[in-house]
Amino acid sequence: MLTLKQIYDDKELVIAGLEKKRFSGAREAIDNVIALDQERKNAQQKKDSASQEMNSIAKEIGRLMGAGKRDEAEAAKAKTAQLKADIKTYEQEMAAAEERQTQALLQIPNVPYSIVPEGHSAEDNIAVKVGGWAYGEALKPLEQSAEQAFSAEGNGIALRDWPAAEDPQPAFAKLPHWELAKKYNLIDFDLGVKISGAGFPVYIGQGARLQRALINFFLAEAANAGYTEIMPPTVVNAASGYGTGQLPDKEGQMYHCEVDDLYLIPTAEVPVTNLYRDVILDEQELPIKNCAYTECFRREAGSYGKDVRGLNRLHEFSKIEIVRIDTPEHSDRSHKEMLAHVEGLLQKLELPYRILRLSGGDMSFTAALCYDFEVYSEAQKRWLEVSSTSNFDTYQANRLHCRYRRQEDKKVQIAHTLNGSALALPRIVAALLENNQTEEGIRIPKALQPYFGAEMIR
RNA sequence: GGAAAGUUGGCGGAGUGGUCGAUCGCGGCGGUCUUGAAAACCGUUGACCCGCAAGGGUUCGGGGGUUCGAAUCCCUCACUUUCCGCCA
């Protein structure tokens with residue numbers, strides 16, 4: 001949630017930012033938070049002075065008792081009854097205002113950075129970089145450096161202006177991955193339905209080995225980039241869900257074990273970020289760079305249709321997540337390093353990709369700046385999202401109470417948190433299978449071969 | 001699942017109704033000494049909220065209660081440890 005300091009210091013900027021995020025009633029919501037804060041302060045001041053008086057009377061009674069002056073002590077006691085009632089009233093007022101304020105703050109999304117494009121849908125997202133993609137002249141400007149691409153000055157193409165591609169004529173009919181999975185006996189969707197339900201595929205033989213190869217490849221790449229591997233629990237308590245913001249809003253998206261009141265994680269972000277809940281880090285420990293492979297569980301309530309075909313949308317899938325915690329001064333640099341890392345993975349996998357800067361209206365509730373990575377699937381003729389890499393600024397850390405002690409003045413500051421997928425497996429597998437199919441079999445990218453142990457799936 | 005014992009500041013560990021935000025040790029920070037470092041010695045050192053400040057309030061696992069006054073007593077919840085049971 002937003003900090004009160006942000007709201008008091010930059011009220012107009014906050015309101016403008018919320019409007020960019022298509023949050024209706026931004027001004028009213030912010031004014032309401034401020035009003036509730038004043039209410040709380042008033043109650044606290046009244047409570048504090050009543051408490052002060054009470055404390056001094058109690059101390060006086062202690063002294064009188066010690067001196068054996070019982071009568072005077074009894075007289076002093078008589079004065080406390082009204083005070084006591086007052087304190088209780090003020091405390092209740094204070095708690096009520098505080099609670100309403102927190103509730104109000106929880107309804108307000110994060111403020112996007114200035115670099116975030118205006119817009120209200122995916123059409124307004126801007127492609128800032130395209131790689132491994134052979135389409136014509138229109139995309140030339142996107143062969144730009146990361147420095148340009150991830151700055152306000154760089155070039156970009158709004159998706160609404162995305163050039164119509166001429167279909168390259170394949171030498172043979174390209175199959176979608178669900179057919180390839182069957183042809184090469186890699187994944188059995190029907191068996192998954194039998195033992196669990198739709199959206200729980202069973203990977204078999206070379207299909208299972210491909211999963212393991214990708215997991216190991218991604219973890220090894222992350223380790224090379226300096227990330228510490230974490231193997232967290234995949235079941236978490238409610239406090240963790242609140243910490244990273246899955247609760248209360250997205251409760252319906254998580255599987256919930258009611259008897260123990262535990263949730264299956266929808267992403268490793270939840271346990272790995274919550275490692276730092278209620279923690280005060282030393283500035284020298286920053287940036288924290290963690291990575292984790294976990295299974296991720298999503299109920300995907302309400303999804304249907306062709307989007308969910310095959311591996312496109314699952315209830316359980318494997319993902320390697322990178323999580324960073326950094327200072328406000330360095331979080332943007334951290335973010336860029338994460339983007340470079342994810343881009344490097346896609347390059348090594350020789351997949352056509354584009355990097356989108358999400359518009360205000362398409363970003364998640366909690367993000368301040370978010371880039372999506374998409375890979376092109378030749379047989380499905382569509383782009384598939386494989387990573388979302390975000391900077392949450394202080395929004396998540398404020399709720400988590402994740403702070404750090406600043407080196408120069410020893411002051412405790414709210415940290416910045418960031419995370420991104422590096423990468424989610426299913427759609428990578430879909431794109432690999434579809435894009436690399438040949439008449440002889442499916443070609444495994446060179447970088448992956450040592451992990452897979454073969455050059456082809458036959 | 002049954003039984004018992006615990007939960008105190010960054011860590012260890014005192015404290016069973018009054019001046020206790022909490023003895024002490026370690027660690028951290030500042031200083032003396034030293035060419036430098038170590039040792040020794042001196043000082044300092046939690047978080048949150050209100051306040052321009054002075055200062056005040058809250059906080060001893062969470063919540064509630066008793067009392068003029070609670071780290072200390074009572075209730076309740078959570079967690080931890082040990083033993084028993086079960087078990088990969």
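Reference entry: report on the structure contained in this document. From a predicted model like this one, the values you see are computed outputs, not experimental measurements.

Calculation rules
Residues numbered from 1 in each chain as written. Chains lettered and ligands numbered in written order. Predicted model: local features only at pLDDT ≥ 70, side-chain atom pairs only at ≥ 80, totals over all residues. Heavy atoms only, no water. Helix = DSSP H or I, 4+ residues; strand = E, 2+ residues; numbered from the N terminus. Buried < 20%, exposed > 50% of the residue type's maximum accessible area, 1.4 Å probe, protein only. Areas by Shrake-Rupley, 256 points an atom, 1.4 Å probe, with all protein chains shown as cover. Lys, Arg positive; Asp, Glu negative; His and termini not counted. Charge placed at Lys NZ, Arg CZ, Asp CG, Glu CD. Axes fitted to C-alpha atoms, helices over the stretch in contact; angles between N-to-C directions. Parallel < 35°, antiparallel > 145°, perpendicular 65-115°, else oblique. Left-handed = near helix turned anticlockwise from the far one by under 90°. Contact = heavy atoms within 4.5 Å. Nonpolar A, V, L, I, M, F, W, Y, C, P; charged D, E, K, R; others polar. Expected span 1.5 Å × (residues − 1). Core = buried A, V, L, I, M, F, W, Y, C linked by side-chain atoms within 4.5 Å. Phe/Tyr/Trp six-rings, centres within 6.5 Å; stacked < 30°, edge-to-face > 60°. Pairing = 2+ DSSP bridges.

Counting its regular elements, chain A contains 15 helices and 19 strands. Dimensions of chain A along its principal axes, counting C-alpha atoms only, are 105 × 50 × 40 Å. Relative to its full complement of 458 residues, chain A shows a buried share of 50%. Approximately 21800 Å² of chain A is accessible, and the part contributed by carbon and sulfur atoms is 49%. Looking at charge distribution, chain A has the averaged site of its 55 positive side-chain charges lying 3 Å from that of its 67 negative ones.

Turning our eyes to something else, we now look at the packing of helix 3 (residues 26-66) against helix 4 (residues 70-78). Their axes nearest at 8 Å, the elements helix 3 and helix 4 cross at an angle of 165°. Between helix 3 and helix 4, the crossing angle belongs to the class labelled roughly antiparallel. With respect to the hand of their crossing, helix 3 and helix 4 are arranged in left-handed fashion. Where helix 3 abuts helix 4, its residues Ile 57, Ile 61, Leu 64 and Met 65 lie against Arg 70, Glu 72, Ala 73, Ala 76 and Lys 77. Looking at the contact of helix 3 with helix 4, its residues break down into six nonpolar, no polar and three charged.

What follows covers helix 9 (residues 206-224). In this model helix 9 runs 26 Å from its N-terminal to its C-terminal C-alpha over 19 residues, within 8% of the 27 Å that 1.5 Å per residue would give. Among the residues of helix 9, those classed as buried are Gly 207, Leu 210, Gln 211, Ala 213, Leu 214, Ile 215, Phe 217, Phe 218, Leu 219, Glu 221 and Ala 222. Looking at the residues trailing helix 9, positive phi occurs at Gly 226, about 95°.

Residues Leu 214 and Ile 428 are the most contacted members of the largest nonpolar core, which totals 72 residues. Broken down by element, this core gets its largest block of residues, eight residues, from helix 9. Contacts of Ile 428, omitting those with residues within four sequence positions, involve Leu 214, Leu 346, Leu 349, Leu 351, Val 375, Val 386 and Leu 423.

Summed over the entire model, instances satisfying the criterion amount to five aromatic pairs. Summarising the aromatic geometry, the rings of Phe 150 and Tyr 371 are spaced 4.9 Å apart at their centres and angled 80° between planes, so their arrangement reads as edge-to-face. Of this pair, Phe 150 sits in the loop between helix 6 (146-149) and strand 2 (157-158) while Tyr 371 sits in strand 13 (residues 369-377), and the two are 221 residues apart along the sequence. Grouping residues by exposure puts Phe 150 and Tyr 371 together as buried. Both rings, one in Phe 217 and one in Phe 218, keep their centres 5.5 Å apart while their planes meet at 50°; by these two values the pair is tilted.

The strand order across the open sheet built from nine strands is 2-1-12-13-14-17-11-10-5, with neighbouring strands paired in mixed fashion. If you trace the sheet from one side to the other, it starts and ends with strand 2 and strand 5 (228-230), each paired once. Of the strand pairs in this sheet, strand 10 (residues 288-297) and strand 11 (residues 316-326) are connected by ten bridges, and their pairing is antiparallel. The residue of strand 11 that forms the bridge with Glu 295 is Ser 318. Relative to the sheet, helix 9 contacts strand 5, strand 10, strand 11 and strand 17 (416-424), its axis offset from that of strand 11 by approximately 5°. Running over the sheet, helix 12 (residues 331-348) touches strand 1 (126-131), strand 10, strand 11, strand 12 (353-357), strand 13, strand 14 (382-391) and strand 17 and is turned about 0° from strand 17.

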